[in-house]
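Chain by chain, the residues:
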Amino acid sequence: MKKSLIYIAAAVLTAVSPYSALAGDGTETAVDNFAMEETSSEETSANETAIDEAKTEPEENMEEYKEPETNVSEEQADTAETSDDSEIKGADEKTETDGEEVKDEEPSEADAEPSEEGAFSDVEADIWYADAVDFVTSRGIMSGTSETTFSPDAPATRGMVALIIKNINGTDEKVYWSYLDVPEDAWYADAVAWCSDKDIMEGYGNGYFGPNDSITREQLVSILYRYAQYRNFSNLDTTGVELLKYGDYGDISGYAGGPMQWALKNSILSGRDNNLLEPKGVATRAEIAQIIRNFMVFYTI
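Reading the values: the criteria
Residues numbered from 1 in each chain as written. Predicted model: local features only at pLDDT ≥ 70, side-chain atom pairs only at ≥ 80, totals over all residues. Heavy atoms only, no water. Buried < 20%, exposed > 50% of the residue type's maximum accessible area, 1.4 Å probe, protein only. Helix = DSSP H or I, 4+ residues; strand = E, 2+ residues; numbered from the N terminus. Contact = heavy atoms within 4.5 Å. Polar contact = N/O pair within 3.5 Å; in protein donor to acceptor, adjacent residues only side chain to side chain. Core = buried A, V, L, I, M, F, W, Y, C linked by side-chain atoms within 4.5 Å. Axes fitted to C-alpha atoms, helices over the stretch in contact; angles between N-to-C directions. Parallel < 35°, antiparallel > 145°, perpendicular 65-115°, else oblique. Nonpolar A, V, L, I, M, F, W, Y, C, P; charged D, E, K, R; others polar. Patch = residues over 30% accessible without salt bridge, like charges linked within 9 Å, V, L, I, M, F, W, Y side chains within 5 Å. Areas by Shrake-Rupley, 256 points an atom, 1.4 Å probe, with all protein chains shown as cover. Salt bridge = Lys/Arg side-chain N within 4 Å of Asp/Glu carboxyl O.

Draft legend 1. Structural view of helix α7 (residues 257-265). Counting buried residues in α7 gives seven out of nine residues, a clear majority hidden from the surface. Considered for burial, the residues of α7 that qualify are G257, P259, M260, Q261, W262, A263 and L264. Of the surrounding secondary structure, the elements contacted by the buried residues of α7 are α6 (217-230) and α8 (285-298). Phi turns positive, to about 60°, at S267, one or two residues after α7.

Draft legend 2. Examining helix α5 (residues 189-197) more closely. Of all the nine residues making up α5, seven are buried; the element is thus mostly covered by neighbouring parts of the structure. Elements that come into contact with the buried residues of α5 comprise α4 (158-169) and α6. A positive phi of about 60° marks D199, the residue just after α5.

Draft legend 3. Region of interest: the side chain of N294. Structurally, N294 can be placed in helix α8. The exposure class of N294 is buried, given its relative accessible area of 17%. A polar side-chain atom of N294 sits 3.2 Å from the main-chain carbonyl oxygen of I268. When sequence neighbours within four positions are dropped, the list of residues in contact with N294 reads S267 and I268.

Draft legend 4. Fine view of the nonpolar core. Counting residues in each nonpolar core, the largest one holds 63 residues, and the members touching the most others are I165, W262, I288, I292 and F295. Looking at this core, the elements that each hand over two or more residues are α3 (130-138), α4, α5, α6, α7 and α8. In this structure I292 touches V136, I141, I164, I168 and L224, once residues within four positions along its chain are discounted.

Draft legend 5. How the structure looks around the packing of α4 against α5. Running from N to C, α4 and α5 point in directions that differ by 75°, and their axes come no closer than 8 Å. On the basis of their axis angle, the class for α4 and α5 is roughly perpendicular. Note on element contacts: α5 touches α4 through D190, A191, V192, W194 and C195, opposite G159, A162, L163, I165, K166 and N169.

Draft legend 6. Main features of the packing of α6 against α7. At a minimum axis distance of 9 Å, the contact between α6 and α7 shows a crossing angle of 80°. In terms of their interaxial angle, α6 and α7 are classed as roughly perpendicular. For the pair α6 and α7, the contacting residues are R217, E218, V221, S222, L224, Y225 and A228 in the first and P259, M260, W262 and A263 in the second. For the contact of α6 with α7, the residue count by class is eight nonpolar, one polar and two charged.

Draft legend 7. Structural context of a nonpolar patch on the surface. A grouping of L180, Y204 and Y208 is seen on the molecular surface, where their side chains present a nonpolar patch of about 360 Å² in accessible area. For L180, the location among the structural elements is in the loop between α4 and α5. Assessed through its relative accessible area of 61%, L180 is described here as exposed.

Draft legend 8. The arrangement of the pattern of salt bridges in detail. Applying the stated criterion across every chain, the model contains eight salt bridges. Where D197 meets K198, a salt bridge forms, and the shortest distance between an N and an O atom there is 3.4 Å. A residue is classified by how much of its surface remains accessible, and D197, at 33% relative accessible area, is partly exposed. Between K280 and E218 there is a salt bridge, with the nearest N and O atoms lying 3.7 Å from each other.

Draft legend 9. Inspection of the environment of F233 at higher detail. As for its placement among the helices and strands, F233 is situated in the loop between α6 and α7. Those residues in contact with F233 that lie beyond four places of it in its chain are A228, F295, Y299 and I301.

Draft legend 10. Examining the environment of E242 more closely. With respect to the secondary-structure elements, E242 resides in the loop between α6 and α7. For the pair E242 and W262, spaced 20 residues apart in sequence, the C-alpha separation works out to 8.9 Å.

Structure, rendered in structure tokens:
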């Protein structure tokens, strides 16, 4: 009987143990699988969200950045590449006027480019200075204040006129000259130094040149006369009575009397309205263009 009970107990234990082991393994596996599925689900959801956001954000960014690229034409790109160089040429030109000085920030005549006939919107084809403007700009003596404007009624400065004279001479000679009011890196510095060295233009004394001072009509003519002397040109006679034909000839400064007579005699200069010379009047860019043209044609430069 006891043996029978022992056999029965052993049988029961044997039957329960395998199922317990199996149940334990299955439970752990099920838990692990559930955890993995949950984790995988969360990761998948996060990835899907990230993908959706990535799809949305790049598309917005691409539209934002692609738009300018598609709007830029090849012609505009070429213009952008050359704009820097062109800006430098314009620096002196904007300041250059027919007799007055130009501001430092305005374009220079040194790098003036030839202009086409009728290229300037503010120079009418039948205006009295139209041919002169075309003459000086096509030869790089003067240039516009912008790509489309010449500013014929604007004045010029002493610094600008110095550059015009240097352009007429066509020299690249480097001369070192020191003025207290002429910075070494100014666009007109080399031209001022060259004109001073050749006695074509002079400073005011005490180390000052006045590069930004306006040029008057008598000053411009005197500078051209000294340049003609520097070049040993002929027809430099200053005698005659042409001055007496103008009612304000008495307003001419002593130093400018001879050059003004020379300029009138050789049709390099002409009077303004009402039979006046206005020698101390500021020369405009249009007047400078005309006077420079008359001078260069007279001496076949």
